[in-house]
Amino acid sequence: KEKLKSAIKGKGYSFTTNFNTTFFDKRDYELQILDEHRPIQNDDIPDADIVIATFWNTAEWMTDFSEKKGKKVYFIQHYETHPWLPLERVEATLKAPFYQITVAQWIADILESKYQKKDVVVVGNGVDLEQFSAPVREKNKSLTVGVMYADELSFKGCDTSINSVLKAREAVPDIKLVAFAMRPPVESLPMPDNSEFYLKPEQENIKTIYGQCDAWLFGSRSEGFGLPLLEAMACRTPVIATKTGAAPELVASADGYLIDVDDVNAMTKAILDINNMRITH
């Protein structure tokens, strides 16, 4: 894109980056940023005890590093066999003789059953409890449920969540829906009436969105982990979650409900159950 813009403007091309260095302002370690977009090479890496790849292509780069660069560790955050990725190359990294750490048990199970990896270590994600927290609060007068919005073609399953709210409203018409996203809603999956939508909320305001809800809807069809699960629960909001990502490990009856993927009826029932508990307690 930058080369094309430079050509249109009649200017010579020079590499620029939008890399946000402020994220590392308080670092107490050395940070090296490459001056061009290219694979990391052996000479870019200092001699070390451990070197960690965090995505399939960085695992490819790591393959050719010398032993002086440290023990090779592959941090796997999803089973990256998506149709838009080169499957053979992705699978080659999963078969490579690296130490493997992953974020959820379902990924470890696949690595063992399909790639015969016996020593995969599962280290679940966490959330910053200073960023995600909420005071003890009363239940809302009208049931309020929340969702992270994504269009109907997304694996996030937002269509399942919205359809469940609409179905639950047949019994409880005043259910309110709250959502936030990085992009506005699309015409093919509009936000229904009696909804509140936040576009690109500031990070410090997201806990308020979670905290105003009686339940959080997690309708994903595929997830590596699913951080909104933890973020919502850290804000004292129970979740209604599909059995994907780390949900089977995180969600117990005290925290919410586990349902099958795309099961609108089950999510609807869980919404109504939470509404009944809100009324009777």
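Conventions used here
The numbering scheme is per chain: residues are counted from 1 as the chain's sequence reads. Selection of residues for local features in this predicted model requires a pLDDT of at least 70, selection of side-chain atom pairs for listing and counting requires 80 or more, and totals for whole chains, interfaces and linings are taken over all residues. Based on all heavy atoms of the structure, the side-chain values leave hydrogens and waters out of the count. A helix here means a DSSP run of H or I that spans at least four residues, while a strand means a run of E at least two residues long, and both kinds are numbered starting from the N terminus. Exposure is judged per residue with a 1.4 Å probe applied to protein chains only, and the accessible area is read against the type maximum: over 50% gives exposed, under 20% gives buried, and values in between give partly exposed. Think of a polar contact as two N or O atoms within 3.5 Å of one another; within protein, one of them needs to be a possible hydrogen donor and the other a possible acceptor, and neighboring residues in sequence only count if both atoms come from side chains. Strand pairing is assigned whenever DSSP identifies at least 2 bridges connecting the two strands. Directions are taken from the helix axis to each C-beta atom, and the arc is the one they span. Note on definitions: a residue-residue contact is assigned when non-hydrogen atoms from the two residues lie within 4.5 Å. Axes here refer to lines fitted to C-alpha atoms; in helices the fit is confined to the stretch in contact. Angles between the N-to-C directions go from 0 to 180 degrees. If an angle is under 35 degrees, it is roughly parallel; if it is over 145, roughly antiparallel; if it lies from 65 to 115, roughly perpendicular; otherwise it is oblique. Throughout, a crossing is termed right-handed when the near helix is turned clockwise from the far one, and left-handed when it is turned anticlockwise from it by less than a right angle. Here is the rule: rings of Phe, Tyr and Trp (six-membered ring for Trp) pair when centre to centre is within 6.5 Å. Planes less than 30 degrees apart are stacked, more than 60 are edge-to-face, and the remainder are tilted. Seen with the strands pointing away from the viewer, any crossover whose path from the first strand over the helix to the second strand runs clockwise is right-handed. We call a set of buried Ala, Val, Leu, Ile, Met, Phe, Trp, Tyr and Cys residues a nonpolar core when their side-chain atoms join them within 4.5 Å. Definition used for salt bridges: Asp or Glu carboxyl oxygen within 4 Å of a side-chain nitrogen of Lys or Arg.

By secondary structure assignment, the location of aspartate 263 is in the loop between β10 (256-259) and α9 (264-280). Note on aspartate 263: relative accessible area 25%, which makes it partly exposed. Taking the C-alpha atoms as reference, aspartate 263 lies 7.4 Å from threonine 160; in sequence the two are 103 residues apart. A polar contact is formed between the side chain of aspartate 263 and the backbone nitrogen of alanine 266, at a distance of 2.9 Å.

Let us look at the sheet that holds strand β3 (residues 99-102). In spatial order, the strands read β1-β2-β3-β4; together these 4 strands make up an open sheet with parallel pairing. Each edge of the open sheet carries a strand with a single partner, namely β1 (50-53) and β4 (121-122). Pairing geometry for β3 and β4, over 2 bridges, is parallel. Residue pairing across strands places isoleucine 101 opposite valine 121, the latter belonging to β4.

Despite not being glycine, lysine 200 has its phi angle at roughly 50°, a positive value. The phi dihedral of arginine 236 falls on the positive side, at around 65°, and the residue is not glycine. Residue placement: arginine 236 occurs in the loop between α7 (227-234) and β9 (239-242).

As a further point, take helix α2 (residues 56-63). Three or four residues apart is the spacing at which side chains of an α-helix point the same way, because the helix has 3.6 residues per turn. Those residues of α2 not exposed but buried are Trp56, Ala59 and Met62. All buried residues of α2 lie within an arc of 110° about the axis, which places them on one face of the element. Packed against the buried residues of α2 are β1, β2 (71-76) and α3 (87-95).

When two helices pack together, their arrangement is captured by the angle between the axes and the distance separating the axes. Running from N to C, α2 and α3 point in directions that differ by 60°, and their axes come no closer than 9 Å. On the basis of their axis angle, the class for α2 and α3 is oblique. For the element pair α2 and α3, the recorded crossing hand is left-handed. Contacts between α2 and α3 involve Trp56, Ala59 and Glu60 from the first element and Arg89, Val90 and Thr93 from the second.

Counted under the stated rule, the structure contains 8 aromatic pairs. Aromatic side chains tyrosine 149 and phenylalanine 197 sit 6.0 Å apart centroid to centroid with 90° between the ring planes, which places their arrangement in the edge-to-face category. Residue tyrosine 149 is located in the loop between β5 (144-148) and α5 (158-168), and its partner phenylalanine 197 is located in strand β7 (residues 195-199); the two are separated by 48 residues in the primary sequence. Accessibility expressed as a relative area gives 7% for tyrosine 149, which makes it buried. Taking relative accessible area as the criterion, phenylalanine 197 reaches 27% and is therefore assigned partly exposed.

For the rest of this paragraph, the subject is the pairing of β1. Consecutive side chains of a regular strand alternate in pointing toward one face of the sheet and then the other. A one-sided burial pattern is seen for β1, the buried positions being Val51 and Ala53 and the unburied ones Ile50 and Ile52. In the sheet, β1 pairs with β2 via 4 bridges, with the strands oriented parallel. Across the sheet, residue alanine 53 finds its bridge partner in β2, namely tyrosine 74. Considered for its hand, the β-α-β crossover made up of β1, α2 and β2 is right-handed.

Before going further, it helps to examine the sheet that holds β10. Across the sheet, which stays open at both edges, the 6 strands sit in the order β7-β6-β5-β8-β9-β10 with parallel pairing between neighbours. Looking at strand neighbours, the two that pair on one side only are β7 and β10, the edges of this open sheet. When the angles between neighbouring strand axes are averaged without regard to direction, this sheet yields 20°. With 3 bridges joining them, β5 and strand β8 (residues 215-218) adopt parallel strand pairing. Residue valine 145 lies in a different strand from β8, and its bridge partner there is alanine 215. Of the strands in this sheet, β5, β6 (176-181) and β8 are in contact with α5, which crosses β5 at around 165°.

Formed by 25 residues in total, the largest nonpolar core has its most connected members in Met62, Tyr74, Ile76, Leu94, Phe98 and Leu111. Looking at this core, the elements with two or more residues in it are β1, α2, β2, α3 and α4 (105-115). The contact partners of phenylalanine 98, leaving out residues within four places of it in the chain, are Ala59, Met62, Thr63, Lys72, Tyr74, Thr93 and Lys117. Counting 23 residues, the second-largest nonpolar core is a separate cluster that includes Val165, Ala181, Ala270 and Ile271.

A few words now on the pattern of salt bridges. Applying the stated criterion across every chain yields a total of 12 salt bridges. A salt bridge links arginine 89 to glutamate 60; the shortest N-O distance between them is 2.8 Å. Taken together, the residues span a long stretch of sequence, with arginine 89 in helix α3 and glutamate 60 in helix α2 at a distance of 29 residues. Across the salt bridge formed by lysine 118 and glutamate 112, the nearest N and O atoms sit 4.0 Å from each other. For lysine 118, a relative accessible area of 62% gives the class exposed. One continuous salt-bridge network, built from bridges that share partners, spans Glu36, Arg38 and Asp44.

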